[in-house]
Amino acid sequence: MSLVAGQIFRQIAQSLLTSKHIALGAFGRRLSARKGSPIAIKSIARKLVVLYWRIMVKGMAYVEEGVKKYEEQMLIHKQRSLNRLAKELKVQVVHNM
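It should be emphasised that the depicted structure is a prediction, and the values quoted were computed from it without experimental measurement.

Can you lay out the packing of helix α2 (residues 23–35) against helix α3 (residues 37–56) for me, pointing to particular residues and giving the numbers?
Their axes nearest at 7 Å, the elements α2 and α3 cross at an angle of 150°. The handedness of the crossing between α2 and α3 is right-handed. On the side of α2, the interface is formed by L24, F27, G28, L31, S32 and K35, while α3 contributes S37, I39, A40, S43, I44, K47 and L48. Looking at the contact of α2 with α3, its residues break down into seven nonpolar, four polar and two charged.

Written out as structure tokens, the structure reads:
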């Protein structure tokens, strides 16, 4: 990737950190809280480059699902991780709804 293209994707990624309705922004904010803003920007930029490549070269269709869908996927992932850890520790998880 050329330097100019890298700067463009990093600038786009930085603006996504402040977006309220885009899943990549939610991903970046989550990562930024754990690892810091520079790493989050670089990670979002890389995701954008991969997405751009898949759309332009492979002809992949892309539809932005939004933050709500991303948060639902993260909740499912956390529940699976919790269940896997509980099984490993031989502990029963009780779900309160």
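Before we move on, can you summarise the side chain of S19 with the specific residues and values?
As for its position among the elements, S19 is in the loop between α1 (3–16) and α2. Accessibility expressed as a relative area gives 13% for S19, which makes it buried. Of note is the side chain of S19, whose polar atom sits 2.7 Å from the backbone oxygen of L16.

How would you sum up the packing of aromatic side chains? Please name residues and give values.
Taken as a whole and judged by the stated rule, the model has one aromatic pair. Relative to Y52, the ring of F9 lies with its centre 5.8 Å away and its plane at 65°, an arrangement referred to as edge-to-face. Taken as a pair, F9 in helix α1 and Y52 in helix α3 lie far apart in primary sequence, 43 residues in all. Its guanidinium or amino end placed over the ring of F27, K47 lies 4.5 Å from that ring's centre, counting from NZ or CZ.

Tell me about helix α4 (residues 67–88), and please be specific about residues and values.
Every α-helix carries 3.6 residues per turn, so stepping three or four residues along brings you back to the same face. Compared with an ideal rise of 1.5 Å per residue, which puts 22 residues at 32 Å, α4 spans 31 Å between its outermost C-alpha atoms and is within 8% of the ideal. Residues V67, Y70, M74 and A86 constitute the buried set of α4. Taken down its axis, α4 places every buried residue within 140° of arc, on the same side. Opposite the buried face of α4, at more than 90 degrees from it, the exposed residues are K68, R80, R84 and K87. Looking at the buried residues of α4, the elements they touch are α2.

Tell me what's going on with a positive patch on the surface, and back it up with residues and numbers.
A cluster of basic residues, R30, R34, K35 and K78, forms a positive patch at the surface. Per-element accounting of the positive patch gives the leading share, three residues, to α2. Here K35 is to be found in helix α2.

Please set out unusual backbone geometry residue by residue, giving values where relevant.
In this model, K90 sits at a positive phi of 55°, which is unusual for a non-glycine residue. Taking relative accessible area as the criterion, K90 reaches 77% and is therefore assigned exposed.

Conventions and cut-offs
Residues numbered from 1 in each chain as written. Predicted model: local features only at pLDDT ≥ 70, side-chain atom pairs only at ≥ 80, totals over all residues. Heavy atoms only, no water. Axes fitted to C-alpha atoms, helices over the stretch in contact; angles between N-to-C directions. Helix = DSSP H or I, 4+ residues; strand = E, 2+ residues; numbered from the N terminus. Left-handed = near helix turned anticlockwise from the far one by under 90°. Contact = heavy atoms within 4.5 Å. Nonpolar A, V, L, I, M, F, W, Y, C, P; charged D, E, K, R; others polar. Buried < 20%, exposed > 50% of the residue type's maximum accessible area, 1.4 Å probe, protein only. Polar contact = N/O pair within 3.5 Å; in protein donor to acceptor, adjacent residues only side chain to side chain. Phe/Tyr/Trp six-rings, centres within 6.5 Å; stacked < 30°, edge-to-face > 60°. Lys NZ or Arg CZ within 6 Å of the ring centre and 35° of its normal. Expected span 1.5 Å × (residues − 1). Arc of directions from axis to C-beta. Patch = residues over 30% accessible without salt bridge, like charges linked within 9 Å, V, L, I, M, F, W, Y side chains within 5 Å. Areas by Shrake-Rupley, 256 points an atom, 1.4 Å probe, with all protein chains shown as cover. Salt bridge = Lys/Arg side-chain N within 4 Å of Asp/Glu carboxyl O. Lys, Arg positive; Asp, Glu negative; His and termini not counted. Charge placed at Lys NZ, Arg CZ, Asp CG, Glu CD.

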